[in-house]
Amino acid sequence: MQPNRRHRVATLVAAGLLGVIMLAALAGCGTGGADTPGASTPGHGDGDALYPKLPKVTGHIDLVEAQTDNPRYFSRLLITDDAGQSWEFRSEDWGGVSVGHLKDHQIQGTPVTVWYEKGADGSLLARFVGD
């Protein structure tokens, strides 16, 4: 292999490894759930610190719909808590995680916690979603 080609290959490999490390950091590799005492929502901030006065609910995702104008953000999120109660949330902007990340939770069956406000019309507005 020629020296310039070796340098290019080494550069591509290094860039690929850096990309993997960055994706792992963004994905929030960590442990502990929002309802675990003293735990935060790894990789996505701490909803309790950001919204300490808002109610929250933890459950498994039944449905997540992307916003039409920005498919990375969700417009509608349906979850079921451990008591079997269904919750429907809407979102007006970024809610802490991407639709892709929420779909991963849905597929894997891992819970999420939603910090929310109740709208004047009775709908639930998700302010933040964490692991």
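Read on for an overview of the structure. Being a predicted model, the structure only gives us computed values, none of them experimental. (Residues numbered from 1 in each chain as written. Predicted model: local features only at pLDDT ≥ 70, side-chain atom pairs only at ≥ 80, totals over all residues. Heavy atoms only, no water.)

Turning next to the pattern of salt bridges. The tally for this structure, following the rule as stated, stands at 5 salt bridges. Of the charged contacts in the structure, one is a salt bridge between Asp 48 and Lys 56, with a shortest N-O distance of 3.0 Å. Classification of Lys 56 as partly exposed rests on a relative accessible area of 33%. We note a salt bridge from Arg 90 to Glu 92, for which the minimum N-O separation is 3.1 Å. Among the ionic contacts, a cluster of salt bridges with common partners joins Glu 65, Arg 76 and Glu 88. (Salt bridge = Lys/Arg side-chain N within 4 Å of Asp/Glu carboxyl O. Buried < 20%, exposed > 50% of the residue type's maximum accessible area, 1.4 Å probe, protein only.)

This next bit is on helix α3 (residues 99–108). Of the residues making up α3, those classed as buried are Val 99, His 101, Leu 102 and His 105. Seen end-on, α3 carries its buried residues on one side only, within an arc spanning 165°. Opposite the packed face of α3, turned more than 90 degrees from it, sit the exposed residues Ile 107 and Gln 108. At the C-terminal side of α3, Gly 109 shows a positive phi close to 75°. (Helix = DSSP H or I, 4+ residues; strand = E, 2+ residues; numbered from the N terminus. Arc of directions from axis to C-beta.)

Quick look at the sheet that holds strand β2 (residues 74–81) now. The strands making up a sheet associate through hydrogen bonds between their backbones, and the pairing can be parallel or antiparallel. Pairing within the closed barrel is mixed, and its 5 strands lie in the order β1-β2-β3-β5-β4. In this sheet, neighbouring strand axes are inclined to one another by 55° on average, regardless of whether the strands run parallel or antiparallel. Note that strand β3 (residues 86–90) and strand β5 (residues 124–130) share 2 bridges and pair parallel. Bridged to Arg 90 within β5 is Leu 125. Strand contacts of α3: β1 (56–66), β2, β4 (112–118) and β5, with the helix running at about 115° to β1, the strand carrying the most contacts. (Pairing = 2+ DSSP bridges. Axes fitted to C-alpha atoms, helices over the stretch in contact; angles between N-to-C directions. Contact = heavy atoms within 4.5 Å.)

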